[in-house]
Amino acid sequence: GRRLEHLRQDVGDLRVVDAVVAENGAIVAFPASGRTMFLGRKPPPEFTAELEREGIPFLCGECIVEMDAANYEAVLAIVRRLELPLVLLFNRGRLMVLPQSVSKGTGLREALAAMRLSPHNTVAVGDAENDHELLAVAELGAAVAWGSAALQRAADEIIRDDGPGSVATYLLQVADRPRLVS
């Protein structure tokens, strides 16, 4: 769900991965080539102007607008008043406003298609409300135990240990599982 710029600040060189699904699926970046696919449009300027006018703090990405989830009622009122084709999506304590029909699942599908890979060879890990579509696309969808209870119920597996290190351990274990070839 993060803005691509935020990921670059936190991670640094994104070339450690083949593709990055950012801004809740609105952007797919391929760090090695520098190619970026935009699956959504820029936030409407009238929307961000209204947020500023109402004094709602926000961060704006290429396609997504992010803010504290406590502002959801005021943000929904703005979207409705301006009749904008935007959706509100929660990510724990954050609220993301993005173009309709964009999700981490659509971003993952586009990334896999561009790399000529199948969702059947994909593992996805999520922790919050905005990860449901991501897990649904992947053959194996795992939720972390410290995340959303609803996502855990929807997941194929739950990563029981705590913290990012447990996700890395889980992914290494999954990579070592035998695969059926037909």
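Quick look at the structure, then. All values derive from a computational prediction rather than experimental measurement.

### Considerations on the side chain of E66
Point 1. Residue position: E66 is located in strand 5 (residues 65-68).
Point 2. Residue E66 is classed as buried on the basis of its relative accessible area of 14%.
Point 3. Among the polar contacts made by the side chain of E66, one reaches the side chain of R3 at a distance of 3.4 Å.
Point 4. In this structure the side chain of E66 is engaged in a polar contact, spanning 3.1 Å, whose partner is the side chain of R94.
Point 5. Those residues in contact with E66 that lie beyond four places of it in its chain are R3, F58, L59, R94 and L95.

### Structural notes on the sheet that holds strand 3 (residues 35-38)
Point 1. An order of 1-2-3 is seen for the three strands of this open sheet, with the pairing classed as antiparallel. At either end of the open sheet lies a strand with only one pairing partner, and these are strand 1 (20-22) and strand 3. When the angles between neighbouring strand axes are averaged without regard to direction, this sheet yields 20°.
Point 2. Sheet analysis places strand 2 (residues 27-30) next to strand 3, joined by four bridges and oriented antiparallel. What sits directly across from I27, in strand 3, is F38.
Point 3. Each of strand 1 and strand 2 is contacted by helix 1 (residues 4-11), which is oriented at about 125° to strand 1, the strand it contacts most.
Point 4. Sheet contacts for helix 4 (residues 104-114): strand 1, strand 2 and strand 3; angle to strand 2, the most-contacted strand, approximately 30°.

### Observations regarding the sheet that holds strand 9 (residues 140-144)
Point 1. In spatial order, the strands read 8-9-10; together these three strands make up an open sheet with parallel pairing. Lying at the two open borders of the sheet, with one neighbouring strand each, are strand 8 (123-126) and strand 10 (157-159). For this sheet, the mean inter-axis angle between neighbouring strands, taken without regard to orientation, is 30°.
Point 2. For strand 9 and strand 10, the ladder comprises three bridges, and the chain directions are parallel. Paired with V144 across the strands is I159, a residue of strand 10.
Point 3. Packed on one face of the sheet, helix 7 (residues 164-176) meets strand 8, strand 9 and strand 10 and runs near 160° to strand 8.

### Digging into the pairing of strand 2
Point 1. Across the two faces of strand 2 the burial is the same, with I27 and A29 and V28 and F30 all buried.
Point 2. Strand direction decides the pairing type here: strand 1 and strand 2, joined by three bridges, are antiparallel. Within strand 2, the residue paired with A22 across the bridge is I27.
Point 3. Hairpin connection of strand 1 to strand 2: four residues between the antiparallel strands, including E23 at a positive phi of 50°.

### Notes on the environment of P31
Point 1. Relative to the helices and strands, P31 is located in the loop between strand 2 and strand 3.
Point 2. Residues P31 and V11, spaced 20 residues apart in sequence, show a C-alpha to C-alpha distance of 12 Å.
Point 3. For P31, the contacting residues outside a window of four places in its chain are L14, R15, V17, D18, A19 and V20.

Rules and cut-offs
Residues numbered from 1 in each chain as written. Predicted model: local features only at pLDDT ≥ 70, side-chain atom pairs only at ≥ 80, totals over all residues. Heavy atoms only, no water. Helix = DSSP H or I, 4+ residues; strand = E, 2+ residues; numbered from the N terminus. Buried < 20%, exposed > 50% of the residue type's maximum accessible area, 1.4 Å probe, protein only. Polar contact = N/O pair within 3.5 Å; in protein donor to acceptor, adjacent residues only side chain to side chain. Contact = heavy atoms within 4.5 Å. Pairing = 2+ DSSP bridges. Axes fitted to C-alpha atoms, helices over the stretch in contact; angles between N-to-C directions.

Taken by themselves, the reported measurements are silent on function.
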